[in-house]
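# Structure at a glance
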Amino acid sequence: MPVGIFRVCLLVITAIINHPLFFPKENGTVPENTEEIIQKMKEREETLRLEQLRLEQEIADREATEKALEKAALVVEESKEEKVRWDMWTALSMVIFLLIELWRQDFQEGNWQDIGGEEDDMAVLGKAFKGVTFPNKAVLASFYEKRILGTTGDMARMREMVEGFADDLLEALRSVCNRDADMEVEDCMGVGSMYENWRVRKPFVCDLIVPFAPPEPYCFRCQTWCSGDSFPPDEQGYGTIKVCRADEDVTGCICDKTKLGEDMLCLLHSQVNTTRPNSEMEDLLCFKNTQYLDADQVMKWFQIAVTKAWNRISHKYEFDLSFSLLDSPGALKIKFKSGKSIAFNLTPVVQYENSDVYFISHFPWSSLAADVPSSTHWFLTFAVYERRFIHLVSKTLPANACHVSCLQILSFLHGKQCSLTGPSGLTNYHLKTVMLHLLQARPSQDWAPEKLEARLQDMLKFLEKSLHEKKLYHFFVGNEKVPAELGFPIIFQRAEPLNLFRPFVLRRDVYRKTVDTFHEMLRNMSALINEYTVHIPLAHTNGIRKESL
């Protein structure tokens, strides 16, 4: 800027000095070309004036540019400070969000089955119950006595007959198997609704599970979805079974005399020496080129073994035995000459470590269950603990407690509705899970026989809430309130809760059908119950209602 001012001053001084009025000629006469000189001086003056204006404009532009740069630098600095402040708030918000999420998960794990505030939930929910006429205690009692008790009286004799025949069949199976090469079959156990005394729908089917083990020197090494390794969501509830030698180390060396480093190889028992032929592993019912037990191979082996066993003892019985379902390894049917038949399931299972949790080859507990990831993935069943829990809780309940009655009525209503409108995503296992949650949540006195109506409404509303949220958690998995008397494995108690309604999130059509069937069942409930109920005088009904009030 000082340079520009100096240049302007220099031009002005030059113009003044060169002006003719300051330096006249000595004779004082004006030359003849005075007009021409004056014209040139004016032009020169105009040029200098324009140059001055240009320089002033240039100086102004430079000052404006400097101010703009200073302003831009200030804005950048302010934006940096603002970004720092924004980053700080973003990080703080993320931390708060994570803390809230962790608290929510902890709260959910600790209280997902806690229904202490169920009465408040029922006031908010229960929308499906508007306009529904709920049967009173007298109607429910008459229905239960006529329809439920009248058809389940012969279950005990059926169980006794099936168990006796199954024991004889398994004994024959052991005799036809090669003890040195075939699987070793243990005694069967009864599970499910027939052994928990709440089966109501015919035909009555006994569910028996048969544990088996590999021949010596082999053993099963089981791995579940909650054992540490990451399993995708569609494999929650499954596990794999690896067939190994009992003396084989996990790393593949069987000597176990020295601890080898990662870069060292045992020359006595190299990886090549421990690799067994594929034919040997296939004889052990493993999937091709693997050491993992194949459920399909087990199914074929078990069906062949059962067929051989029946051929050995068939002459002792006056009935025929056949497989009733091709896709189930042990779905058997006894056919008498009179035309009557008895169906039962004899399903092979693998015990998980030393517990009563079992890997089951085929367990259609839910019509919603997605396709099994592969034949090497086995579903885990907790049926033995479920039966044991019901038996344990029943000891603390009042005489003739209504928990089984509620489950039987609900199972009958749902089955009847499905026979009218088609199958839905709900199964009897879901209904039993609802009962197990309420058994743990409510005090013992709430299950007195006179409270059948209230508890049935609780089960229906709990089921409605679960369908609305698409969440019904497995009773045992993730439940840290399981009674210690059961001896339930701690690994499953500390696992993430297993949502039995997860398939509803993936299959909207099945979810819509299930909700519609549930609402239709509620609307038809009185009609379905009255159809099987002996007529009760209105005065008697009103009297019972007044006593209950």
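Placed above this text is the structure.
For clarity, every value in this text was computed on a predicted model and none was experimentally measured.

## Structural notes on the packing of helix H12 (residues 428-441) against helix H13 (residues 452-469)
- Axis separation between H12 and H13 bottoms out at 10 Å; the angle between their running directions is 115°. With respect to each other, H12 and H13 are oriented roughly perpendicular. Judged by the sense of rotation from one axis to the other, the crossing of H12 with H13 is right-handed. Mapping the contact onto sequence places Leu431, Val434, Met435, His437 and Leu438 in H12 and Asp458, Met459, Phe462 and Leu463 in H13.

## Looking at H12
- Here H12 spans 20 Å end to end across 14 residues, near enough to the 20 Å set by a 1.5 Å rise per residue.
- Buried residues of H12: Tyr429, His430, Leu431, Lys432, Thr433, Val434, Met435, Leu436, His437, Leu438 and Leu439, and no others.
- Buried residues belonging to H12 abut helix H6 (193-196), helix H10 (383-394), helix H11 (403-421) and H13.

## Some words on the packing of aromatic side chains
- Using the criterion set out here, one finds 27 aromatic pairs in the structure.
- Here phenylalanine 389 and phenylalanine 476 contribute two aromatic rings whose centre-to-centre distance is 6.4 Å and whose plane-to-plane angle is 85°, an arrangement assigned as edge-to-face. In this pair, phenylalanine 389 is assigned in helix H10 and phenylalanine 476 in the loop between H13 and helix H14 (490-493), connecting sequence segments 87 residues apart.
- Judged by relative accessible area, phenylalanine 389 falls into the buried class, the value being 2%.

## What about the nonpolar core?
- In terms of nonpolar packing, the biggest core is built from 114 residues, with Leu169, Leu293, Phe344 and Leu346 touching the most fellow members.
- Residues within four places of phenylalanine 344 in sequence aside, it is in contact with Val162, Phe165, Val205, Cys206, Leu208, Leu321, Gly330, Ala331, Leu332 and Ile334.

## Considering helix H4 (residues 137-148)
- Between its first and last C-alpha atoms H4 spans 15 Å; for twelve residues at 1.5 Å apiece the expected length is 16 Å, and the two agree.
- Where H4 is concerned, the buried positions are Ala138, Val139, Leu140, Ser142, Phe143, Tyr144, Arg147 and Ile148.
- The N-cap of H4, judged by a side-chain oxygen 3.0 Å from the amide nitrogen of alanine 138 a few residues on, is asparagine 136.

## Some details on the environment of tyrosine 144
- In this structure, tyrosine 144 sits in helix H4.
- Spatially, the C-alpha atoms of tyrosine 144 and serine 405 are 7.4 Å apart, while their sequence positions differ by 261 residues.
- Of the polar contacts made by the side chain of tyrosine 144, one reaches the side chain of serine 405; its length is 3.5 Å.

## Considering the pattern of salt bridges
- Inspection of every chain in the model, using the stated rule, returns 18 salt bridges.
- If you follow the salt bridges from partner to partner, you end up with Arg442, Asp446, Lys451, Arg455 and Asp458 in one network.

Definitions and cut-offs
- Residues numbered from 1 in each chain as written.
- Predicted model: local features only at pLDDT ≥ 70, side-chain atom pairs only at ≥ 80, totals over all residues.
- Heavy atoms only, no water.
- Axes fitted to C-alpha atoms, helices over the stretch in contact; angles between N-to-C directions.
- Helix = DSSP H or I, 4+ residues; strand = E, 2+ residues; numbered from the N terminus.
- Parallel < 35°, antiparallel > 145°, perpendicular 65-115°, else oblique.
- Left-handed = near helix turned anticlockwise from the far one by under 90°.
- Contact = heavy atoms within 4.5 Å.
- Expected span 1.5 Å × (residues − 1).
- Buried < 20%, exposed > 50% of the residue type's maximum accessible area, 1.4 Å probe, protein only.
- Phe/Tyr/Trp six-rings, centres within 6.5 Å; stacked < 30°, edge-to-face > 60°.
- Core = buried A, V, L, I, M, F, W, Y, C linked by side-chain atoms within 4.5 Å.
- Polar contact = N/O pair within 3.5 Å; in protein donor to acceptor, adjacent residues only side chain to side chain.
- Salt bridge = Lys/Arg side-chain N within 4 Å of Asp/Glu carboxyl O.

That is the geometry; function is a separate question.
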